[in-house]
Amino acid sequence: MIKSTDDENDALHSSTLLLNRKDVLRLVWNLPKRLRLTWRKLFDNRKDGLSFTRLLESLTKNEATSFCIAVETKEKKGEIFGALMVFPEREGLTLNKTEWQGLSESYLFTFPQKQANVKRQPKKFLASANTDGHYCWCCRDMVASERFPNGLAFGGKEYPIKHFAMHIDEHMETLTTRKTGVTYEGWGCEDSNIENETMTIERVEVWQCDAEDERADEDERADAEKKAAGPRSASSKRSAEPPLAASVAAAIVQVRVARHCRDPVSYTHLTLPTKA
């Protein structure tokens, strides 16, 4: 299931997304089962702007934050550079930690430009058998230095900064790639199409991969709050309920991602509240 926090029309017309349903299906099979079931869009620069602060807020405000980030550049429009970062359950990205984060299930990926009548398959770059553990680096507020560079980066090494495998700068203006397969095997090899280059960012999307876990936590908190509040009268319940129009406006568009490739293609439905 994919759940979008963006405009409902975007979710209903997945062709406007950097990662559509078919793209997600081709990415999830390398992931632990808990990360295959429910994806929720956290950030889209068309709505949130090219703001590095907002990007990091979207990644760090949730309790469960294994995430997938997809980037499109002006120089290679139509191609996607991405990272799928896996963290332990109930843990996530920590800002300004000045050390590498993530688990060995994390990987980088690229998608080529779309072509008519051709399936767009991703190239996946999994953590190497002798990985150095440099899965994800995240700093924003450090004094500028090569030892503790700011930005969101994946693979390689932080010193010097130009040795990151993939790096989004702290102004969210550029995406830099480097030929280094130290962390993610095959990244930068001859057939990977990865070059040592800096490109201008045009589109960024971020998806939370374990939204199901977070939703379960919210349900538990809601139940605890109800028990703490105690019984209420029927009139107080009615007064606390939002108007139906407001509930409809807040309805969540849910896009079902098939758990198997042979599941039906139809995957979009709108969940609306019902009258009592």
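Now for a look at the structure at hand. Values in this document were obtained by computation on a predicted structure and should not be read as measured data.

Another point: the overall build of the protein. The helix and strand inventory of the protein stands at seven helices and 13 strands. For the protein, long-range pairs separated by at least 24 residues make up 64% of all intrachain contacts whose partners lie at least 6 apart in sequence. By element, 49% of the accessible surface of the protein is carried by carbon and sulfur atoms, the whole surface being about 14,300 Å².

Counted under the stated rule, the structure contains nine salt bridges. The closest approach of N and O atoms between Asp141 and Arg140, which form a salt bridge, is 3.1 Å. For Arg140, a relative accessible area of 26% gives the class partly exposed. With a closest N to O distance of 3.3 Å, Glu205 and Arg203 form a salt bridge. This pair shows no difference in class: Glu205 is buried, exactly as Arg203 is. Salt bridges linked by common partners bring Lys41, Asp44, Arg46, Arg203 and Glu205 together as one network.

Attention now goes to the pairing of strand β2 (residues 39-44). Among the six residues of β2, six are classified as buried, and the element is accordingly described as predominantly covered. Two elements, β2 and strand β11 (residues 197-208), share four bridges in a ladder whose sense is antiparallel. Considered in β11, the bridge of Phe43 is made with Val206.

Glancing now at the environment of Gln101. Looking at the secondary structure, you find Gln101 in the loop between β4 (80-85) and β5 (107-111). By relative accessible area, Gln101 is classed as buried at 5%. Between the C-alpha atoms of Gln101 and Phe87, which are 14 residues apart in sequence, the distance is 7.9 Å. Those residues within four positions of Gln101 in sequence are excluded, and the remaining contacts are Phe87, Gly92, Leu93, Thr94, Tyr135, Cys136 and Cys138. Among the polar contacts made by the side chain of Gln101, one reaches the main-chain amide nitrogen of Thr94 at a distance of 2.8 Å.

What follows deals with the nonpolar core. In terms of nonpolar packing, the biggest core is built from 34 residues, with Phe67, Ile69, Met85, Leu108, Leu152 and Phe154 touching the most fellow members. The set of elements that each furnish at least two residues to this core consists of β2, α4 (52-60), β3 (67-73), β4, β8 (151-156), β9 (164-168) and β11. Once residues lying within four places of it in the same chain are set aside, the contact partners of Leu108 are Gly82, Ala83, Met85, Lys123, Lys124, Phe125, Phe154, Ala165, Met166, Tyr184 and Trp187. Residues Leu18, Val24, Leu31 and Phe109 belong to the second largest nonpolar core, which totals 19 residues.

A separate point is the pairing of β5. The buried count for β5 comes to five of five residues, which makes it a mostly enclosed element. In β5, alternate side chains face the same way, and those of Tyr107, Phe109 and Phe111 on one face and Leu108 and Thr110 on the other are all buried. With five bridges connecting them, β4 and β5 associate as antiparallel partners. Opposite Ile80, over in β5, you have Phe111 as the bridge partner. Alignment of β5 against strand β6 (residues 123-126), held across four bridges, turns out to be antiparallel. Pairing of Thr110 across the sheet is with Lys123, part of β6.

Turning our eyes to something else, we now look at the packing of aromatic side chains. Taken as a whole and judged by the stated rule, the model has eight aromatic pairs. When the centroid spacing of 5.8 Å and the interplanar angle of 65 degrees are considered together, the rings of Trp100 and Phe164 count as edge-to-face. Taken together, the residues span a long stretch of sequence, with Trp100 in the loop between β4 and β5 and Phe164 in strand β9 at a distance of 64 residues. A residue is classified by how much of its surface remains accessible, and Trp100, at 14% relative accessible area, is buried. The exposure class of Phe164 is buried, given its relative accessible area of 2%. Counting every residue linked through ring pairs, the aromatic cluster contains Trp100, Trp137 and Phe164.

A positive phi angle, close to 70 degrees, is found at Arg90, a residue other than glycine. Of note, Arg90 is situated in the loop between β4 and β5. Assessed through its relative accessible area of 42%, Arg90 is described here as partly exposed. Despite not being glycine, Asn96 shows a phi value in the positive range, around 60 degrees. Note that Asn96 resides in the loop between β4 and β5. Owing to a relative accessible area of 25%, Asn96 belongs among the partly exposed residues under this scheme.

Rules used in this analysis
- Residues numbered from 1 in each chain as written.
- Predicted model: local features only at pLDDT ≥ 70, side-chain atom pairs only at ≥ 80, totals over all residues.
- Heavy atoms only, no water.
- Helix = DSSP H or I, 4+ residues; strand = E, 2+ residues; numbered from the N terminus.
- Contact = heavy atoms within 4.5 Å.
- Areas by Shrake-Rupley, 256 points an atom, 1.4 Å probe, with all protein chains shown as cover.
- Salt bridge = Lys/Arg side-chain N within 4 Å of Asp/Glu carboxyl O.
- Buried < 20%, exposed > 50% of the residue type's maximum accessible area, 1.4 Å probe, protein only.
- Pairing = 2+ DSSP bridges.
- Polar contact = N/O pair within 3.5 Å; in protein donor to acceptor, adjacent residues only side chain to side chain.
- Core = buried A, V, L, I, M, F, W, Y, C linked by side-chain atoms within 4.5 Å.
- Phe/Tyr/Trp six-rings, centres within 6.5 Å; stacked < 30°, edge-to-face > 60°.

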